[in-house]
Every structure is written in C-alpha cells, then in structure tokens.
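The primary structure of each chain is shown beneath.
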Amino acid sequence: MSSPNPFNARKSLKTSHGEFFYYDIQELEKQGVGQVSRLPFSIKVLLEAMLRNLDGFVVTADDVSVLANWKADAPLETELPFMPGRVVLQDFTGVPCVVDLAAMRDAMKRLGGDANEINPLVPCDLVIDHSVQVDAFGSKTALTINAEKEFERNRERYEFLKWGQKSLRNFTCVPPATGIVHQVNLEYLAGAVLTKKDDEGRTVAFPDSCVGTDSHTTMINGLGVVGWGVGGIEAEAVMLGQPVYILTPKVVGFKLSGKLPEGATATDLVLTVTQMLRAHGVVEKFVEFYGPGIATLSLPDRATIGNMAPEYGATVGMFPVDKVTLDYLRLTGRSAEQIELVEKYFKAMGMFHDETSPEPAFSERLELDLSTVEPSMAGPRRPQDRIALTNMKAQWRKDLVDTFGKRDVAEAVRIDRWSGEGGESAQGVRKLDNSTGAREEQGDARTTNGVLVEDAGRTYSLHHGDVVIAAITSCTNTSNPDVMLAAGLVARKARALGLTRKPWVKTSLAPGSKVVTEYYNKANLTEDLEAIGFHTVGYGCTTCIGNSGPLPDATAAAIEKGDIVATSVLSGNRNFEGRINPHVKANYLASPPLVVAYAIAGTVDIDLFHDPLGTSRDGKPVYLKDVWPTHAEVQAVKAQCINSEQYRSQYENVFNGNEMWNEVPVRESDLYAWDESSTYIQNPPFFEDMTEEPRGVQPIKGARCLVFVGDSVTTDHISPAGAIPVDSPAGKYLLEKGVPVSMFNSFGSRRGNDRVMTRGTFGNIRVKNKLASEHGKPKEGWWTRDSQRGGTGPIEPIYDVAMRFRTENLPSIVLAGKDYGMGSSRDWAAKGTMLLGVRAVIAESFERIHRSNLVGMGVLPLQFLPGQTAATLGLTGFEVFDLDLPDPFEPRAMVHVKATTPDGRVIEFDAMSRVDTPVEVEYYRHGGILPFVIRKKLNESMQPA
C-alpha cells in the first residue's frame, strides 16, 4: 500500500478499540475536485480505492480527478484501475486458478525467475461448494451418501487445493460441506470495512471490496460491498497485484417505494426487478437501489437482489450501508469492534445512508412500487422471462407448442386435475409409494399418450410438464431466512393435511450454510420438510450449477421414450437449457415455498390459484392458499429460531471443522508435482512456447470458421459445467483413461484438466452450430463440419475438426449473434476456445465477463457494426477469413475482414475490436493476461535491488 498522502486526504479515526487512518474522499470536494457528495455510493467506493492507491503509475492524480468529476449523464469513456481488497473463489473456477498459479511457477523457473514470486498479493479465499452432487435424495442418509461420493470423486482436486493452501501465501480454503461461497462470503468472510498496514505501519481502514470467480459475487452488494464476478484469469491478475480495469460506468438508480404485499417474497421481487432491468438495458452499467422502500427490505432481501445482477445484466446491484447493514453484521456474529468501525468509518466518510441522505446523481432512473409485486416464476430457459403465477398454466401450454415444438396442447397435457379416490383413469389405477403415508390414488384422468413408468413398486404415467426435479438450491434464496422458513411452513401445513411429493419428483434441499439447518431444527421444521421429500442433500451449489445428479433410471427412460418435455422447479438463479439436467428441457425459477408446492402438485400444468395441489386425508381438495404462510407467521418463527450464536458457532472452526477434509494428505513444495496419470489436475499448455518478449499483434490470415451460432449463446453452451456425456469427446477421453462412467463427475469438477475441458468446449448437448445443419436444422451438441470442404463434408465433433485445423496450422474463428457469452463467469469458456485454436470471435454483442476473458486468453473479440450481422452480410461460415489488424493497435480499433466464399466471391466488412482499454491492448499483445503478468514479474525480479 502506498504511504503518500494524496490530496492531503489522510485522516485519523478513533474508536473505542484503537486508532485507524483513512482517506477521506470528501476532501476532494473541499478542494474543488468534483461534487463528491452527490456521487452514487458505488462510485464513491471506487473513488476511495483510487485515492488510497494513488501512486502516480497505476493510479494517477488525473485518474482520481476524472472519477471525482463523474458526469452522470455522460461519463467519460476512461478506464478505471480498480484494486479490490480481496478475491473470492469457488472450487469449480478456483481449481483452475490454482492450476494456473502452479503452471506460472513452472514458467517463471523455466525463464530464469523465482517461482516463489507467484503468490496472491491480496487475501484470497476459496470456498469448496460446487462439487457436491445430488446422487441420493429423499432419505435421512442422503447427506452422508452425497458427502462420501463427493470426496471419492474429488480427492485428487482436494489434495491439490491443500497443496495450494500450504504452499501459496494469502490463500485459504473453506472446506466442503460448509456452504455456498456467496452465503459464506455474506455471513462470514466480508467485513464491510477492511484494514491493512501501510508502509509506515499505520492501520488503514477502507471499504470492503472484492472480485470473485463466480458471476453471483454481486450478492455481496446487498451488504454495501462493491464486488462483481470476473473470469478466473482476471481474478488471478488481481491476486498477483494487477488492478481490474473497467470503463467508467453509468449508474442506473432504481427507486423502491412501498412494501411487499402479503403473499409476495423476495424471489418474486428479484424476478420482477430482473425483468425490468433486462428490458431497460443495463449491461456494463452499475445499478444502485435507493428510495424509502429499501428500509423495508431485510439485508438477505437486498442480497437476493444483488445476487441476480448477472441475470439483469448489470456489473453490480448495490445497496448502501445503513442501519440494516449494522443489524445484519450483529445478527451474523461479527465482533462489536468491527461493527463500531463500520458505523464510524462510513459516517466519517459521509457514506452512511439514512432518511436524510441526499439522492445521488444517477445516469438513468427506474422505479418500482413494492406493493405491486406479485408471486412469479421465470422460465422455461431464461431468468429474465418472468411469468406471473396467475399466468403460469397458460404460459406453459403456449411454450409447449411455441418453444418446444409440440403439435398442440392436447398432445400430452392433463385434462383434469387429481380427482381423489374413485374412478378409473385412462391409465388405470396408479399405485403410489405408501412409504411416506400416502394412500393409493386412482383417477388421475390423464390422456392416454403419457408414458407408463414402473419404478420400485410404483406405477404412474409421465407427461409433458411433469416436475421431475424440485430443488431448494442456490445462493439466491438459501441465504434468505424468510423464504427458507416459508418453505418449511408450507411443508408443515401440507404434511398436516396428508400431502407429500408426487413419486416422479426428485426433491432436494441444499442449504447455503449450516446455519439454515440450525434454525430449521430449532423451529422443528426439518421433519416437516423431510415428510414432503426435502431432505438435506448437501451444503453447496447443487442443482443450480448442474449438479442435480441423475434422474431415476425409469424416469429418464420414460422421458427418452416419449420425448417428454419434463420440467424442473428450482429456487436458483440460472435455468439455461442443458444446465440443470440433460433430461429436463423446461426449467423454472421460483421461491423455495413454491418449489415445495410444485413438488406436491407434480406438474407445472396447473393453476395454483384455482386448481388443488392434492387431496387431504379426509378427501377434501387442498389449495395453495391452504398451505401458504402469512408474513406474520414467518416473522414469528424467525424471531424464535434465529440468533447470532448460531452464526458464531458454525463459523468458529470453519477451516478445520470437517474431519473428511482434515484427513486429506497435504504436500508442500515450491513447484507442484504434476501427475501425468491424473484425470483431474494437469499442467495446462498455456506457457509451453512462451518467450521472454511478446510476439506482438499479428494479422489473422486464412482462418476457418469452427462454430457458427445464433443469439444468447451462454458460457454453459461454450463450456458446460454439468454432466459429461459418455459419447462426447470428453467422455470418450475419460473412458480411454480407464475412468468408469460412474466416476465421470462433471465438467465443472474437472476444470483442472485441460484435456477434458478442451474436448468439452462447445460440448453442451444443446449447442446449435449452423455448420452442422441437416435438412435445414442444426444437429444439437458438439458437432461441426470442416469448413474447408464448403459444407459438403461429414458432421464431426468440434474437437476433432479443431485439432485438424491446428495440425494444418490453420487459425479458426467463431461467428455469433447477440449476447455472446452471457451467463456465468467461466474462464474455461475462453481458455477452451483458445486451446481449440480459435483466434477471433465475431459477434453482434458480447456479455461483459466473457468478452474480457477472451481478451485475457489472447482471443480477439470483434463486434459487427450496427445494422450488420452474419446474415445481412451473407456469411455461411464456409468462407476463408482474413483479418487485418491495424498498427498501432488501439482500443476499440476497426478491423477489416475479408471473407472469401468457396466459389471465390469476396465479402468485405469492418468490425470493431472489443479490446476496450489500453491495458487490454497490452494483454492482447502479450498473448493474454497470464503471460503479461509472468513477464512483468520476471522483469521486476531481474531489476537491481
């Protein structure tokens, strides 16, 4: 940390526990440098970081002055060097980060440097939360079975992470079965204010800030912490002392008024906000919530809204620090010293929000009256596609035809609801499982073209719209006691009436931290949830990340046999096609209590306001209103069952409280001992041909198109996180290595092995590559045609064609539509693209994180000019592409593209480089951010002391 006193802004802050120093941004306004008092909260945090880190090199006085004079309506398109206080990783993206650090140590030594120079320079916490999979469910042993399988599958990864924890400085691992990274961050890791010793030994206080390798890092915005998701490569750069560079953002003010009505939850609110902001357009913008309505929201409600910033497209979704923040810090067991520091610091900085705080200057404004929020869901494929619960049945029937291509609604939907005892259905008597006290049901009155299923003594028919997965999962909601307790109360009321889940529904409960189990047990809700089938299956991100586990064999076979559009209902934040489960085409986001309700109903083809969920023990229909708790009921239970001691006790031994983790062997060494036989951890080839000096920016000549896709291609399409298909290139590789299918694990868990991940790039089962079309329709999956053959060659795996191009020294490109790379931050979506030999992606638009990641891996993102698309230019993907890069290469430079068709016709156009900033130009010139950092460290180590 620099010790100069820029703008004479350093001041002293005395608390009852000692003296702290801080850099007061209000001094800038006193000196005539900008109207700081009217800046949005989030901009003030960025400004403080720049002021504190002003060194005349990375951050200059001009940088500080420009941001202090931020113009709401027209911010200068200037890059901001932001140095976050810490880095947060989850294991899917954290493992490859540590792999890269280990590989960088090897490269440093090979080039004559000191391997120990490669270490995190800021605190870095990795939370192992993405590895648990829902194999077992519906029993009290599910948690134990899933935990055992998790360690069995991931032991190599855990040994490697323990090496990192032992060998790298400033690096800690939160063991498995603790909770979801964002909830652990919210409840434990975040401090709201951080402290650090400067060069002269002063303890300096500053606002907590972080970047994380998960796009939902934004959940911490609810605590007043500026933080967002970055790719693993950007996170590694921050860990190694590099700033994050972002263009000066516009800030959208979102005014909240009123309060939520009876029956509406924070989930319904965030789905409404997501829909509004997606429609407004907030990509690459900050969103900041203000107005009298924020005082009515609990901090978990705010965190729920912050969590889904990636879904509405914003960089952050901020709430200011206020009394609600302090109350939450107190509830979650933070020390009295820390809470005092937070309050005094933000008040001293003029950043503590209350009813007298002036309204900040915003670039744009939206407003929502909370009283207008209604129960909602979102789906079947995108989180911004909100559906009012009152319209769900009609929308489902419309989507069955319009989205999923069924000929008409009557093809397979239910004609009547469950009619209770008596009457014979078209399928005859349905014998249901009596193990939970359910009676034998007759008369389901379905149409005859469902698929009959016989499973474990149960017989039933499966139809379009049947809910085969009902999962209470994901950080979005499992951090929020209100909705979690509401789910438990729905279960309690349903149980009392004799209801339970339908036998075809795979139910799961994955709390975001063990505190949830604590308050469920204290409220006596655990048994009620288990009676409906919601047994705890693990503490981590399960279904939402694609770790839903396999469906029962009989269910999966029926879906395949009948080409059934099965559904899932989950309390997550992502529902992209192919993400949740390969057998489930329609996925709906919902609040935890609605997840319980749909598990009981067993279908989304139901109007929950008018159709019964089922029949009670005494033969009466039971409706949603009969089991839905009031707000007062939820608050009464919360007051009785949640206290700060639960948080303190659960996090007291967070780093050594897992015995299975403690038994994992530890290896300490400067260099990691790579094991060539490992199928989890391999030394990636990123630095094999690296030289001391960069090769610079080169034109791309004779490139072939490898993949040609349309709009809204997600990082899940490019680099799936879920199941590894047996017949895919990655699956075949694992079989060749002697890995049984039962031990395939997931793509996400194997991100430390480039051999698997490169083969899995564009390996999602729902990828639609236009080059692999048959009869006018793309073959879904990992397929392409060799574009050298002009569209006449056979359809082959993308990986095979890519390797052929590489052998022949042919660069390749990707053509795409709008929002390319939307969704989760996923470094392998860029890494795998680069290792396939792709040198450029030409798209109509990019999502923020993926665009940055492409640059970070030395892949050139190019954007069609307004009014131009691949279609309007007449591109088929079978052309030969020549890209002339200007010299000197500047940010957002125009690149001339010449595409020669198989018959010799030439199509020429210009595209804008989305290498947006000068520092990104440097990254691109070096072949990526990691080579840039290695060369920088190498140069520093060779300078005279």
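Peer 1: Would you take a moment to explain the sheet that holds strand S4 (residues 86-90) for this structure?
Peer 2: Hydrogen bonds along the backbone pair up the strands of a sheet, which may run parallel or antiparallel. Taken together, the five strands give an open sheet; going across it, the order is S6-S5-S4-S9-S10, and neighbouring strands pair in parallel fashion. This sheet does not close on itself; its edge strands, each paired only once, are strand S6 (171-174) and strand S10 (226-229). Here the strands of the sheet are splayed against their neighbours by 20 degrees on average, with no regard to which way each runs. Pairing of S4 with strand S5 (residues 124-127), which is carried by four bridges, proceeds in the parallel orientation. In the strand pairing of S5, leucine 89 is matched with leucine 126.

Peer 1: For this particular structure, what's the right way to read the pattern of salt bridges?
Peer 2: Opposite charge on two side chains allows them to pair when their charged atoms are near. Applying the stated criterion to the full structure yields 54 salt bridges. For aspartate 91, the salt bridge identified is with arginine 157, shortest N-O distance 3.1 Å. Of the two residues, aspartate 91 is situated in helix H4 (residues 91-110) and arginine 157 in helix H5 (residues 142-167); the sequence distance between them amounts to 66 residues. Arginine 157 carries the same exposure label as aspartate 91, and that label is buried. With a shortest N-O distance of 3.0 Å, aspartate 754 and arginine 755 are connected by a salt bridge. Shared partners join several salt bridges into a network, and the residues in it are Glu284, Arg851, Arg892, Arg914, Asp916 and Glu920.

Peer 1: Honestly, the environment of valine 95 in this entry has me stumped. Any pointers?
Peer 2: Residue position: valine 95 is located in helix H4. As for valine 95 and serine 749, which are separated by 654 residues in sequence, their C-alpha atoms are 8.5 Å apart.

Peer 1: What is the right way to read helix H15 (residues 481-496) from this model?
Peer 2: Within an α-helix, residues lying three or four positions from one another point in the same direction, as the helix has 3.6 residues per turn. Over its 16 residues, H15 extends 22 Å from the first C-alpha to the last, a length consistent with the 22 Å expected when each residue adds 1.5 Å. With twelve of 16 residues buried, H15 is to be regarded as a mostly interior element. Among the residues trailing H15, glycine 498 stands out with phi positive, at a value near 90 degrees.

Peer 1: It is not clear to me how the pairing of strand S15 (residues 364-369) should be interpreted in this structure. Could you clarify?
Peer 2: On a regular strand, one side chain projects to one face of the sheet and the next to the other, so that they alternate. Judged by which residues are buried, S15 turns out to be one-sided: Glu364, Leu366 and Leu368 face inward and are buried, whereas Arg365, Glu367 and Asp369, on the alternate face, are not. Looking at chain direction, strand S12 (residues 251-257) and S15 are connected through six bridges and run parallel. Bridge pairing links valine 252 to glutamate 364 in S15.

Peer 1: Would you explain helix H21 (residues 631-641) in this entry?
Peer 2: Every buried residue of H21 is listed here: Val634, Val637 and Cys641. Angular distribution of buried residues about the axis of H21 spans 70 degrees; they occupy a single face of the element. Exposed side chains of H21 directed beyond 90 degrees from the buried face belong to Ala632, Ala639 and Gln640. Those residues of H21 that are buried lie in contact with H15, helix H16 (514-522) and helix H22 (644-651).

Peer 1: Explanation requested: the packing of aromatic side chains in the structure shown.
Peer 2: Aromatic rings considered in pairs are described by the distance between their centres and by the relative angle of their planes. If you walk through the whole model with that rule in mind, you get 24 aromatic pairs. Ring plane angle 15 degrees and centroid distance 5.8 Å describe the contact between phenylalanine 160 and tryptophan 163, whose orientation is recorded as stacked. Of the two residues, phenylalanine 160 and tryptophan 163 are both situated in helix H5; the distance of three residues between them amounts to about one turn of the helix. The pair phenylalanine 160 / tryptophan 163 is uniform in exposure class, with both members buried. An aromatic cluster is defined as three or more aromatic residues linked by ring pairs; in this entry it consists of Tyr22, Phe41, Tyr345 and Phe346. The positively charged end of lysine 514 is found above the aromatic ring belonging to tyrosine 539, 5.8 Å away from the centroid. Just above the ring of tryptophan 783 sits the side chain of lysine 779; from NZ or CZ to the centre is 3.9 Å.

So, how was this worked out
- Residues numbered from 1 in each chain as written.
- Predicted model: local features only at pLDDT ≥ 70, side-chain atom pairs only at ≥ 80, totals over all residues.
- Heavy atoms only, no water.
- Pairing = 2+ DSSP bridges.
- Helix = DSSP H or I, 4+ residues; strand = E, 2+ residues; numbered from the N terminus.
- Axes fitted to C-alpha atoms, helices over the stretch in contact; angles between N-to-C directions.
- Salt bridge = Lys/Arg side-chain N within 4 Å of Asp/Glu carboxyl O.
- Buried < 20%, exposed > 50% of the residue type's maximum accessible area, 1.4 Å probe, protein only.
- Expected span 1.5 Å × (residues − 1).
- Arc of directions from axis to C-beta.
- Contact = heavy atoms within 4.5 Å.
- Phe/Tyr/Trp six-rings, centres within 6.5 Å; stacked < 30°, edge-to-face > 60°.
- Lys NZ or Arg CZ within 6 Å of the ring centre and 35° of its normal.

Read these as layout, nothing more, since geometry by itself doesn't imply function.
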